[in-house]
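# Observations on the three-dimensional arrangement
Below are the chains, spelled out letter by letter.
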Amino acid sequence: MPQEKYAEIATEVQTLTYEQKLNLLSLLVTSLQENYNNPEFLTGLSTKEINSRLEEAYDSIKDEKCYSVDEVDSMFKDKYGI
């Protein structure tokens, strides 16, 4: 997906409510678990545990502790080879 598309998606996600964002993240995690090799941090976690981690991540974003798309891509490549 082109980088511009990520920016469009991120802008659209910013318009969602907190609850809508958590629902979207839960759907994405479920999709990852069903369709890809699970990164070890998701393996064996309950929906409640995943939602808790997602809430923590969202709170850190609200506190402006976030990474650029390039930084995330680099971290995933280094840690998971993807």
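Located above this text is the structure these notes cover.
Let me sum up the structure you'll find in this document. (Residues numbered from 1 in each chain as written. Predicted model: local features only at pLDDT ≥ 70, side-chain atom pairs only at ≥ 80, totals over all residues. Heavy atoms only, no water.)

This part takes up the overall build of the chain. When helices and strands are counted, the chain shows four helices and zero strands. Counted over contacts in the chain with a minimum sequence separation of 6, partners at least 24 positions apart contribute 50%. Total accessible area computed for the chain in this model is approximately 6,800 Å², and 53% of it derives from carbon and sulfur atoms. (Helix = DSSP H or I, 4+ residues; strand = E, 2+ residues; numbered from the N terminus. Contact = heavy atoms within 4.5 Å. Areas by Shrake-Rupley, 256 points an atom, 1.4 Å probe, with all protein chains shown as cover.)

Looking now at the nonpolar core. Leu-22, Val-29, Leu-45, Ile-50 and Leu-54 form the largest nonpolar core, which has five residues in total. Beyond its immediate stretch of four places on either side in the chain, Leu-45 contacts Gln-33, Ile-50 and Arg-53. (Core = buried A, V, L, I, M, F, W, Y, C linked by side-chain atoms within 4.5 Å. Buried < 20%, exposed > 50% of the residue type's maximum accessible area, 1.4 Å probe, protein only.)

Once that is clear, we can look at the pattern of salt bridges. Applying the stated criterion across every chain, the model contains one salt bridge. Residue Glu-8 is joined to Lys-5 by a salt bridge in which the shortest nitrogen-to-oxygen separation is 3.5 Å. Of this pair, Glu-8 and Lys-5 both sit in helix H1 (residues 3-14), separated by three residues, roughly a single helical turn. With relative accessibility at 47%, the residue Glu-8 sits in the partly exposed group. (Salt bridge = Lys/Arg side-chain N within 4 Å of Asp/Glu carboxyl O.)

Here we come to helix H3 (residues 47-62). Spanning 16 residues, H3 covers 22 Å between terminal C-alpha atoms, matching the ideal 22 Å at 1.5 Å per step. Along H3, the residues classified as buried are Ile-50, Leu-54 and Tyr-58. Taken down its axis, H3 places every buried residue within 75° of arc, on the same side. The exposed residues of H3 that point more than 90 degrees off its buried face are Lys-48 and Glu-56. Just downstream of H3 lies Glu-64, where phi reads positive at about 65°. (Expected span 1.5 Å × (residues − 1). Arc of directions from axis to C-beta.)

This next bit is on a nonpolar patch on the surface. Where nonpolar side chains cluster on the molecular surface, the patch consists of Tyr-67, Val-72, Met-75, Phe-76 and Ile-82 and spans about 480 Å² of accessible area. Locating Met-75 in the fold gives a position in helix H4 (residues 69-80). (Patch = residues over 30% accessible without salt bridge, like charges linked within 9 Å, V, L, I, M, F, W, Y side chains within 5 Å.)

As a further point, take the environment of Tyr-58. Note on placement: Tyr-58 falls in helix H3. For the pair Tyr-58 and Leu-25, spaced 33 residues apart in sequence, the C-alpha to C-alpha distance is 9.7 Å. When sequence neighbours within four positions are dropped, the list of residues in contact with Tyr-58 reads Tyr-18 and Lys-21.

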